[in-house]
2 protein chains.
Amino acid sequence: MNIDNIGTKVSKWFQDSGESPQVIISSRIRLARNISNHRFTAHCDHQEKNAIISELKMAILQTSIGPLAQYIDIATASQLQKELLIERHLISKHLCRNRGPRGAIISEDEAFTAMLNEEDHLRMQVILPGLRLDQCWDVVNRIDTEIENQVRFAFDQRLGYLTACPTNVGTGIRVSLMLHLPALKMTKQIEKLLNATKEMKLAVRGLFGEGTDALGDFFQISNQITLGIKEEDIIAKLTQKLIPKIVEYELVAREHLLRHENSLLEDKIYRARGILENAYLINSKEALFLLSNLRLGINLGKIKDIDIATINELFMLTQPAHLQKNAGGSLTPNERDELRAKIIRNKLSTHKI
Amino acid sequence: MNIDNIGTKVSKWFQDSGESPQVIISSRIRLARNISNHRFTAHCDHQEKNAIISELKMAILQTSIGPLAQYIDIATASQLQKELLIERHLISKHLCRNRGPRGAIISEDEAFTAMLNEEDHLRMQVILPGLRLDQCWDVVNRIDTEIENQVRFAFDQRLGYLTACPTNVGTGIRVSLMLHLPALKMTKQIEKLLNATKEMKLAVRGLFGEGTDALGDFFQISNQITLGIKEEDIIAKLTQKLIPKIVEYELVAREHLLRHENSLLEDKIYRARGILENAYLINSKEALFLLSNLRLGINLGKIKDIDIATINELFMLTQPAHLQKNAGGSLTPNERDELRAKIIRNKLSTHKI
C-alpha cells in the first residue's frame, strides 16, 4: 500500500467476491476508541493531536497487521488523495474535513483502516467481501487487543468504552453490511423493509454512510445500539437472524420478478448492458445504476460472460477521483463522463470471462 | 397491393432511399378535387357519396396507374386495416373518422393514393423518397389530367379548383417534404428555423401531418398558399430555394457538432444503437427517437454496418398496427413494446450490411 499507487487498481479485499455475493456486497466492523489521558479530538490543540497520533501510530504499526500497513498524513495529503481514500471507503468525509494533525493507517489489502483524530482518537475498521462479520470481528478484535497492550483506552467499568458521541459509548462498535437490493426496489417493497429495519434498531444508509442516499439499489445496514449488548451478540443476531431474512426477502422478490415480470427484468438488464457497452458519456450516478442492473443480471444467470469482479472493479475505478488519478490530472465533469464511458466500454468488450 | 398483405412489408416506394437521403426523407404532393355536379362530401347523403365513389373509382382505375391499383372500402375496413394505412401515410385520420361510404385507391408500390370522400371528393397524393417533387408532380399531374378526361371537376375561372376548405382553393395543391433535422434540434436552432419557415409561408408539422407534434427530429414542411401561384412555381421555389437552404442549415449544424461536440454526438448515436440492440421493451416513441439517432449515425458515417433501408423498414414495421398485423392478432401495449424490441434486436443483429 503506497499512497501514490492508491486508485490505480481495485482494493485487494474487493477482488474476492465473498460468500453470498448475490445480495451481500461486503461486511464491515468498526470500533471507536479514545486514549484515556487525552481530551477528545475536538478539544485538542495541535500538540495534543500530534501526541495522540504518535502513540497510536507506534502501537498500531507494532500489531500483527503493522508490517504491511502504511501511515498516511491526511493533513498534508492532496485533495485528490483524500477523495481517492473516500471513494475506496477507507476514510470518512469527516476525517477529510477535520483540521489539524490527523491521519490514517491502511493495510496492504485495504481490508484494515485506522483513522486517527477523526471524531474519536481512533476509529478502526475491517471490511471484507460477502457475509463475513465473524471474520471481520476476529481481526478487528485481535488488533484492538494488541493495541490495548500498549495504549490505555478510555474505559468506564459501568459504561464501557468512552467515545466523543454518546451513540457510540459502550462497545464503540458499528457492524454494517452493504446490500444489493434491486428486486425489493423494483417491486416497491423496499419501504416496507426500511420500516422493518427501524423496528429491529438497524440504521439504513446509502453507499457512503451517514447522510448519503441509497444509490443504484445499494443499501448499508448497520446496528444502532452499542450499549448494554455484547459485540458477539450484535454480530450473531445480524449474521444469523436479521441479514438472512433480508437476503431471503430479496431473493423471493427476484424469483417473483423472474416469473411474472421477466421482460421488464430483461429489459432493465440488457438495456443497461447495451448502454454500458456503447455509450460515450456516462455520469457517475448513471454508471452506478447501470452497473447495479448488470450485477443483478449476472446474479440471475442472465449474463454469463461478465463476472462480479469486473463489476466491482468498474464500480471502484470509474469514481471521479479514481478517473482523475488514472488520467494523471484533473478532469472536467464532461471529460470524466467521457473517460468513464471509455473505461467501461473497453473493459466490457475486452475482459469478458 | 392486396389489403390483406398491407403491413407485412415496408412500402415499395420507401425501400429506395432516394436523393439527398441525408436530410430529406420523402417528397409528397397531393391535390384536392371535387366533382362539379355534386355537393361537398360533408353535405352528401350515403347515396350521393356512393355515386361519387362510383364515378371516381371508374375514372381512376382507367388511368395509367389503374391496372396495378386497388380500391379499399374504408367504410367496411377493420380498425386494424385502417390504422395500418394511416401508419403507412396512405390515408388520413380524417378519412377513417368520417362516416358513410368512403374509400381509397392505392397503387401497388403505395406511391400513389387517392382518398374518396375525405374532406373533398378526391384527394390524391404521390409520395417518393428523397427530394423528388418534380417527379411527384409529373405523376400526380398526369393522373389528374387522365381523370379530368372522364370527370368534370368543380372549377372556377377566377378562383381555380373549388375545395371544401377555402385554404385549398385554387390549385388544391399541397407540396410537402419530410425532413430529418436532428442537428438543428440538438443545437437548439430549430426554433429559429421554424420561425423562418413561417415567414416563407411554409407550414411545419409532425410525422403524421396536421395537429401532430414533431417526433424524433422529423419535420414535415409544406406550402400554405394554394391560390394565385402556379403549381410549378410552388414546386420550383421549394426545390430550388427553400429546401436547399434548410438542408444546408442542417448540414452546417452537423458539421459543427462533429467538430465541437463529437462526444455528445457519438454518445447519442452509439447509446441509441446499444439500446436498440439490447433492450427487451421499447415503446413506439422511444423507437422513433432511437432510430432517428441511428439514422443520423449512418448519415454521418459513424455507423457503417447498418443501412438507411433497414432504418426505414424498422420505422414502418414497428408501429403499433404493423406489429399487430404481423403478430396475427391484437396485442396489449406491453406485448407491443416487447415485440417491437424483439423485431429491432433481431433485425439489427442479423440483417447488417
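Along each chain, residues carry numbers from 1 onward, in the same order as the chain's sequence is written. Going through the entries in the order they are written, you letter the chains from A and number the ligands from 1. Only residues with pLDDT of 70 or above have their local features reported here, since the model is predicted, and side-chain atom pairs are shown and tallied only from 80 upward, although totals for entire chains, interfaces and linings are computed over all residues. To obtain the side-chain values, all non-hydrogen atoms of the structure were used and water was disregarded.

(A) The pattern of salt bridges, seen in detail. Residue and element names in this part refer to chain A. What counts as a salt bridge is simple: a side-chain nitrogen of Lys or Arg found within 4 Å of a carboxyl oxygen of Asp or Glu. Evaluation of the coordinates by the stated rule reveals 36 salt bridges over all chains. For Glu-277, the salt bridge goes to Arg-273, with nearest N and O atoms at 2.8 Å. With Glu-277 and Arg-273 both in helix α9 (residues 262–278) and 4 residues apart, the pair spans about one turn of that helix. Overall, the relative accessible area of 10% leaves Arg-273 in the buried class. Counted as one network, the salt bridges with shared partners bring together Glu-118, Glu-119, Asp-120 and Arg-123. What counts as a helix is a DSSP run of H or I of at least four residues, what counts as a strand is a run of E of at least two, and both are numbered from the N terminus. Here the term buried applies to any residue with accessible area under 20% of the maximum for its type, exposed to any over 50%, and partly exposed to those in between, with areas from a 1.4 Å probe on protein chains only.

(B) Representation of the interface of chain B and chain A. Residue contacts are defined here by distance: any two heavy atoms, one from each residue, within 4.5 Å place the two residues in contact. Listed per partner, the contact involves 16 residues of chain B and 16 residues of chain A. Simply put, the buried area is the total loss of 1.4 Å probe accessible area from both parts when two parts are fitted together. Buried surface at the junction of chain B and chain A, both sides included, amounts to about 1400 Å², of which 57% is carbon and sulfur. Here chain B is connected to chain A by 2 salt bridges. Note that Arg-271 of chain A and Glu-286 of chain B form a salt bridge whose closest N and O atoms lie 2.7 Å from each other. Whenever a nitrogen or oxygen atom comes within 3.5 Å of another N or O atom, the pair is scored as a polar contact, on the condition that within protein one atom can donate a hydrogen and the other can accept it, and that pairs from neighbouring residues in sequence are kept only if both atoms are in side chains. In this structure, the connection of chain B to chain A is made through 10 residue pairs in polar contact (both at pLDDT 80 or more). Mapped by element, the contributors of at least two residues to the side of chain B that touches chain A are α9 (262–278) and α13 (333–350) of chain B.

(C) Broad picture of the environment of Glu-146 of chain B. Here Glu-146 of chain B shows up in helix α5 (residues 133–148). Residues within four places of Glu-146 of chain B in sequence aside, it is in contact with Thr-63 and Ser-64 of chain B.

(D) Spatial organisation of the relation of the copies chain B and chain A. Turning chain B through 180 degrees and shifting it by 0.1 Å along the axis lays it on chain A, with an RMSD of 0.0 Å. The relationship between the two copies is best expressed as a two-fold rotation axis. Of every C-alpha in chain B, the one belonging to Gly-274 of chain B sits nearest the axis of rotation, 2.1 Å from it. Interface overlap between copies is the fraction of interface residues in one copy that are interface residues in the other; for chain B against chain A it reaches 100%, indicating a shared surface. When the copies are overlaid, the least-squares fit takes in C-alpha atoms only where the residue has pLDDT of at least 70 in both copies.

(E) Structural context of unusual backbone geometry. Residues and elements named next belong to chain B. For Asn-117, which is not glycine, the phi dihedral falls at a positive 60 degrees. Take Asn-117: it is sitting in the loop between β4 (112–116) and β5 (122–129). Residue class for Asn-117 comes out buried when judged on its relative accessible area of 1%. One non-glycine residue, Lys-188, adopts positive backbone phi at about 60 degrees. Mapped onto the fold, Lys-188 is located in the loop between α6 (182–186) and α7 (190–199). The class for Lys-188 is exposed, based on a relative accessible area of 73%.

(F) Seen up close, the sheet that holds strand β4 (residues 112–116) of chain A. Residue and element names in this part refer to chain A. Taken together, the 8 strands give an open sheet; going across it, the order is β2-β3-β4-β5-β1-β8-β10-β9, and neighbouring strands pair in antiparallel fashion. The open sheet terminates on both sides in strands that have one partner only, identified here as β2 (70–73) and β9 (202–205). Strand-to-strand twist in this sheet, taken as the mean axis angle between neighbours without regard to direction, amounts to 20 degrees. Paired strands, as defined in this entry, are two strands with at least two bridges between them according to DSSP. For strand β8 (residues 173–180) and strand β10 (residues 218–223), the ladder comprises 5 bridges, and the chain directions are antiparallel. For Ser-176, the partnering residue across the bridge sits in β10 and is Ser-222. Packing of helix α5 (residues 133–148) onto the sheet brings it into contact with β1 (24–33), β4, β5 (122–129) and β8, and relative to β1 it is tilted by some 20 degrees. Here the axes come from fitting lines to C-alpha atoms, over the contacting stretch only for helices, and the angles between their N-to-C directions go from 0 to 180 degrees.

(G) Main features of the pairing of β5 of chain B. Residue and element names in this part refer to chain B. Across the 8 residues of β5, 8 count as buried, placing the element largely inside the fold. Summarising the sheet, β4 and β5 pair through 5 bridges and their orientation is antiparallel. Counted as the bridge partner of Leu-116 is Leu-122 from β5. Linking β4 to β5, which pair antiparallel, is a turn of 5 residues; within it Asn-117 sits at a positive phi near 60 degrees.

(H) Highlighting the domain arrangement of chain A. All names here are of chain A. Domain boundaries shown here were taken from an automatic or database domain assignment. Partitioning chain A into structural domains gives domain 1 (3–253) and domain 2 (262–350). Here domain 1 meets domain 2 over a buried area of about 2300 Å², counting both sides, of which 66% is carbon and sulfur. It is Phe-14, Glu-87 and Met-186 that lose the most area in domain 1 upon contact with domain 2, and together they represent 25% of the buried surface on that side. The interface formed by domain 1 and domain 2 holds 0 salt bridges in total. Linking domain 1 to domain 2 there are 7 residue pairs in polar contact (both at pLDDT 80 or more). Looking at the side of domain 1 that touches domain 2, the elements with two or more residues in it are α1 (12–15), α3 (79–87) and α6 (182–186). Of the residues assigned to the side of domain 1 that touches domain 2, the class counts are 14 nonpolar, 8 polar and 7 charged. Polar here means any residue other than Ala, Val, Leu, Ile, Met, Phe, Trp, Tyr, Cys and Pro, which are nonpolar, and Asp, Glu, Lys and Arg, which are charged; Gly is therefore polar.

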